[in-house]
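# Results of the structural survey
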Amino acid sequence: MRPIRVRIGVLALALAAGLAAPGTAAAAPPGATATVPAPTAEELRLDGDVPREILRDSGFAGAAPAFARGLGRADSYREARRVVVREGSALWRRAVDRAQGRGPAHGALSRDDDRPLYWARLAMTRELRTWEPRFGLDQPQRAALLDELERTSRGQTDIRVPRGDGARGKGLKRVLLTGFDPFTLDRDIRISNPSGAAALALDGAVIDTANGPARVETAVFPVRWRDFAEGAVERALRPYLPGVDLFTTVSQGRVGKFDVERTNGAWRGGFPDNENVSRTETVPVADPASQPQWTTTTLPYAAMTAAGTGRFPVYDNTSVTEIPAGSTQAVVRPNGPTPGSTAREGGGGNYLSNEIAYRATLLRDRLGLHGTLPGGHVHTPVLQFGAGNTDPATGAVTDPEFVRNRLDIVAQVRAIVAVAVSAPAPDRS
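Report on the accompanying structure. (Residues numbered from 1 in each chain as written. Predicted model: local features only at pLDDT ≥ 70, side-chain atom pairs only at ≥ 80, totals over all residues. Heavy atoms only, no water.)

A word on the overall build of the protein chain. Counting its regular elements, the protein chain contains 13 helices and 14 strands. Within the span of the protein chain, comprising 429 residues, buried residues form 55% of the whole. Here the protein chain displays about 16400 Å² of accessible surface, and carbon together with sulfur accounts for 52% of that area. (Helix = DSSP H or I, 4+ residues; strand = E, 2+ residues; numbered from the N terminus. Buried < 20%, exposed > 50% of the residue type's maximum accessible area, 1.4 Å probe, protein only. Areas by Shrake-Rupley, 256 points an atom, 1.4 Å probe, with all protein chains shown as cover.)

Written out as structure tokens, the structure reads:
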């Protein structure tokens, strides 16, 4: 995922040591009070016509009201947590089933669409964020419930990969793939993210490769700086990387092309996220004293770019932006960073797609898997509406070309994964 100016113009458990995941909070004593948070900037977009239309035309409009009724029946924190886990997990499975053709479609929106999951999740988080239960609910408890809802409804607790090194390389190959929510919604609230659509289409799928079958497990991440700073990526991926044969983070990138990003940088460039928050700083990770400025892909990029995987070309993107050692000015290096330089952009820019690639590959390295586990980042083409449907103010939420583009991108992600699983790892000598 790239900031729109780049994307359109050219788009305590953290690392091995870890930030701790929020613990399960005990119920607050009767009569405890807490300020009820207001909806976030991201949740407030639900009040527009487009989100309501997407939810209605996909059959997902009832998810949040049903969730609210379940919360209303909860008479304790423990019961509320059960409701959150049940309904969050059910939302993820429902979105995956819809994308993969299981069960009724419930609406005119095409099954491949990732947006119903995004808007239904936001409707549920808004219900939970503003819920005033009969029992006391303090701020840490509400935050823990929101965290459970985020993780379960994003597939992060639904990953089925054997844990431990002993599971790797035996029989069925295991692939871990991640996608992202839609973003830049203030520019065009109709936006879909093909990486999220790919995650829904491929979760649990078994694909044929030249090296035999491979099962893909997926999860989706938010476009929010704060979640990444709190260790969401590391917490979700760390238990599973030792048990997979390949991983790739995926996001939306440039118009008309796929990119395999060779190098990732330790820098946040400040482009606003889905909460309209900016961050310009070094990527915050655990143990910053040992933090490198750059990490590299171990995906078989030569094979991935040479294979005929679909209608979009696939590039080995080696460019970065750095401040060379001894300098104060940033320069573009088309062939990767120079020794001792400071990162300003990886191949995938300096937004959250670069950051998830940096975090995932740094985690790989801190787990001692750099030489044995292929992993890195793939940028998809920008998902575009049809030629007559480009005005966000008056355009339709979908059209045949929009659907065709998304289906083609998802199919090519699947083909690229099949090539990557089959190919030898790149020579890193």
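From this point on, the discussion continues.
In this structure, L128 and W131 are the most contacted members of the largest nonpolar core, which totals 71 residues. Take this core: its biggest share by element is 10 residues, from helix α13 (residues 400-422). When residues no more than four places from it in sequence are discounted, the contact partners of W131 are V36, L71, G72, A74, A80, L137, R142 and L145. Of all hydrophobic cores here, the second largest spans 25 residues; its members include A219, Y240, F247 and F271. (Core = buried A, V, L, I, M, F, W, Y, C linked by side-chain atoms within 4.5 Å. Contact = heavy atoms within 4.5 Å.)

A separate point is the sheet that holds strand β2 (residues 206-209). Taken in spatial order, the 7 strands line up as β2-β3-β1-β4-β14-β5-β10 in an open sheet, and their pairing is mixed. Each end of this open sheet is capped by a strand with a single partner; those strands are β2 and β10 (314-317). This sheet shows a mean twist of 30° between the axes of neighbouring strands, independent of strand direction. As judged from the 4 bridges shared by β2 and strand β3 (residues 212-221), these two strands associate in the antiparallel manner. The partner of V206 across the bridge, within β3, is R215. (Pairing = 2+ DSSP bridges. Axes fitted to C-alpha atoms, helices over the stretch in contact; angles between N-to-C directions.)

A side chain of one charge can pair with a side chain of the opposite charge when the charged atoms of the two come close. Per the stated rule, a full pass over the model turns up 36 salt bridges. With a closest N to O distance of 2.7 Å, D49 and R52 form a salt bridge. Linking D49 with R52, this pair stays in helix α3 (residues 49-58), spanning 3 residues, or about one helical turn. In this structure D49 comes out as exposed when scored by relative accessible area, which is 59%. When its relative accessible area of 41% is taken as the criterion, R52 is described as partly exposed. (Salt bridge = Lys/Arg side-chain N within 4 Å of Asp/Glu carboxyl O.)

So, on to the side chain of R190. You can see R190 is positioned in the loop between β1 (173-180) and α8 (194-202). Ignoring sequence-local partners within four residues, the contact set of R190 consists of V50, R115, F385, N389, T390, D391, P392, G395, A396 and V397.

For the pair α3 and helix α6 (residues 115-129), the least separation of the axes is 9 Å and the interaxial angle reads 115°. Of the possible angle classes, the one that applies to α3 and α6 is roughly perpendicular. Every pair of crossing elements has a handedness; the one defined by α3 and α6 is left-handed. The segment α3 lies against α6, with P51, I54, L55 and S58 engaging R115, P116, W119 and A120. Grouping the amino acids of the contact of α3 with α6 by side-chain chemistry returns 6 nonpolar, 1 polar and 1 charged. (Parallel < 35°, antiparallel > 145°, perpendicular 65-115°, else oblique. Left-handed = near helix turned anticlockwise from the far one by under 90°. Nonpolar A, V, L, I, M, F, W, Y, C, P; charged D, E, K, R; others polar.)

Let's shift gears to the environment of E401. Mapped onto the secondary structure, E401 falls in helix α13. Residue E401 is classed as partly exposed on the basis of its relative accessible area of 38%. Considered as a pair, E401 and N389 are 12 residues apart in the sequence and their alpha carbons are 9.6 Å apart. If near-sequence neighbours (up to four positions away) are discounted, E401 is found in contact with Q384, F385, G386 and A387.

Another point: the pairing of strand β11 (residues 320-323). Regular strands place side chains that alternate from one sheet face to the opposite one. Side-chain alternation along β11 places V320 and E322 on one buried face and T321 and I323 on a second face that is also buried. Pairing of β11 with strand β12 (residues 331-333) involves 3 bridges; the strand directions are antiparallel. Counted as the bridge partner of T321 is V332 from β12.

The residue T184 is not glycine, and still its phi comes out positive at about 55°. Note on placement: T184 falls in the loop between β1 and α8. Look at T184 and you get buried, because its relative accessible area is 11%. Its identity is not glycine, yet D287 carries a phi of approximately 50°, on the positive side. Take D287: it is sitting in the loop between β8 (280-282) and β9 (294-296).

Spatial ordering of the open sheet is given by β12-β11-β13, a layout of 3 strands whose pairing is antiparallel. The sheet terminates laterally at β12 and β13 (342-345), the two strands that pair on one side only. In this sheet, adjacent strand axes meet at a mean angle of 45° when their direction is disregarded.

What follows is about the environment of D391. Tracing the chain through its elements places D391 in the loop between β14 (375-380) and α13. Separated by 203 residues in sequence, D391 and D188 place their C-alpha atoms 8.5 Å apart.

The buried count for α8 comes to 8 of 9 residues, which makes it a mostly enclosed element. Turning to α8, its buried residues number three or more, namely P194, S195, G196, A197, A198, A199, L200 and L202. Looking at the residues trailing α8, positive phi occurs at G204, about 80°.

In short, the description is geometric, and any link to function would need to be established separately.
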